[in-house]
Amino acid sequence: MIDPARQSADADLFTPSASRLATLFFSDLAELGRFEPLSVDQMPADYRTLLAHQDHMTVALENYHDTPVSVNVLDEWRDETSYARTSVLSRQSDGAVVQFGIMRIWLTDLPQQAQAEITGRKSPLGRVLIEHNLLREVEPISLCGIAPGPVLIENLKLTGNRSIFGRSAQILVDERPTVQLLEIPVLSNQTKN
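What counts, and at which threshold
- Residues numbered from 1 in each chain as written.
- Predicted model: local features only at pLDDT ≥ 70, side-chain atom pairs only at ≥ 80, totals over all residues.
- Heavy atoms only, no water.
- Buried < 20%, exposed > 50% of the residue type's maximum accessible area, 1.4 Å probe, protein only.
- Helix = DSSP H or I, 4+ residues; strand = E, 2+ residues; numbered from the N terminus.
- Core = buried A, V, L, I, M, F, W, Y, C linked by side-chain atoms within 4.5 Å.
- Contact = heavy atoms within 4.5 Å.
- Pairing = 2+ DSSP bridges.
- Axes fitted to C-alpha atoms, helices over the stretch in contact; angles between N-to-C directions.

(A) Structural detail: helix α4 (residues 57–65). Looking only at α4, the buried set comprises Met-57, Thr-58, Ala-60, Leu-61, Glu-62 and His-65. One or two residues past the end of α4 sits Asp-66, with phi positive at roughly 55 degrees.

(B) Up close: the nonpolar core. Ranked by internal contacts, the top residues of the largest apolar core, which has 39 residues, are Leu-32, Phe-100, Ile-102, Leu-156 and Ile-184. A total of four residues in this core trace back to one element, the largest contributor, which is strand β4 (residues 97–106). In contact with Ile-102, not counting residues within four places along its chain, are Leu-21, Ala-22, Phe-25, Phe-26, Leu-32, Arg-85, Thr-86, Gln-180, Leu-181 and Leu-182. Counting residues in hydrophobic clusters, the runner-up holds 17 residues, among them Leu-110, Leu-125, Leu-134 and Ala-169.

(C) Representation of the sheet that holds β4. Strand order in this open sheet of seven strands is β1-β5-β6-β7-β4-β3-β2, and the pairing throughout is antiparallel. Every other strand in the sheet has two partners, leaving β1 (33–38) and β2 (69–78) as the edge strands with one partner each. Across the sheet, the axes of successive neighbouring strands diverge by a mean angle of 25 degrees, strand direction being ignored. Of the pairings in the sheet, the one linking strand β5 (residues 136–148) to strand β6 (residues 164–173) comprises 10 bridges and is antiparallel in character. Each residue of the ladder has a partner; that of Ser-142, found in β6, is Ser-168. Against the sheet, α4 contacts β2, β3 (82–91), β4, β6 and β7 (176–185), and its axis sits at roughly 165 degrees relative to β4. Contacting β2, β3 and β4, helix α5 (residues 112–119) runs over the sheet at an angle of about 60 degrees to β3.

Shown next as structure tokens:
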């Protein structure tokens with residue numbers, strides 16, 4: 001469980017980029033939850049499998065759940081050079097939500113067709129980058145425990161009073177930092193049926 005005494009020390013300890021990402025959509029990070037930085041050893045085994053790696057979360061989730069995932073975009077944000085969104089990923093086998101995420105991508109670093117597919121909202125980001133065979137490297141930045149706030153409880157359909165876990169990461173395309181990510185998976189035993 002997350003230590004409330006340490007939590008007031010600020011979600012910014014989690015990672016400034018994750019906090020900045022969240023502020024594109026939420027005026028207060030507490031809407032998502034309270035975040036506490038963790039080491040890999042402090043995470044349950046299933047969450048280590050889902051978060052402590054250098055693969056796309058699309059791949060990790062599809063391997064873990066043994067089914068492809070679909071994206072449902074909740075909100076979008078744009079400026080002159082970048083596109084950001086909040087979304088949930090769901091299993092195609094039964095529609096169960098398996099992740100809440102926020103991403104910001106610098107589209108000009110990608111070919112036009114990949115840009116169109118990402119902003120077209122039909123496929124998860126990882127799948128688009130893989131299918132376009134873009135030279136990419138996923139760099140995890142930090143891991144965290146999360147006491148979920150109202151946004152995560154609603155969108156992940158969480159039950160009970162348990163902590164969940166997440167990561168911030170970036171994706172380099174052709175060695176350029178192109179994508180910032182906040183990825184929060186959920187295990188099926190933590191959700192409403």
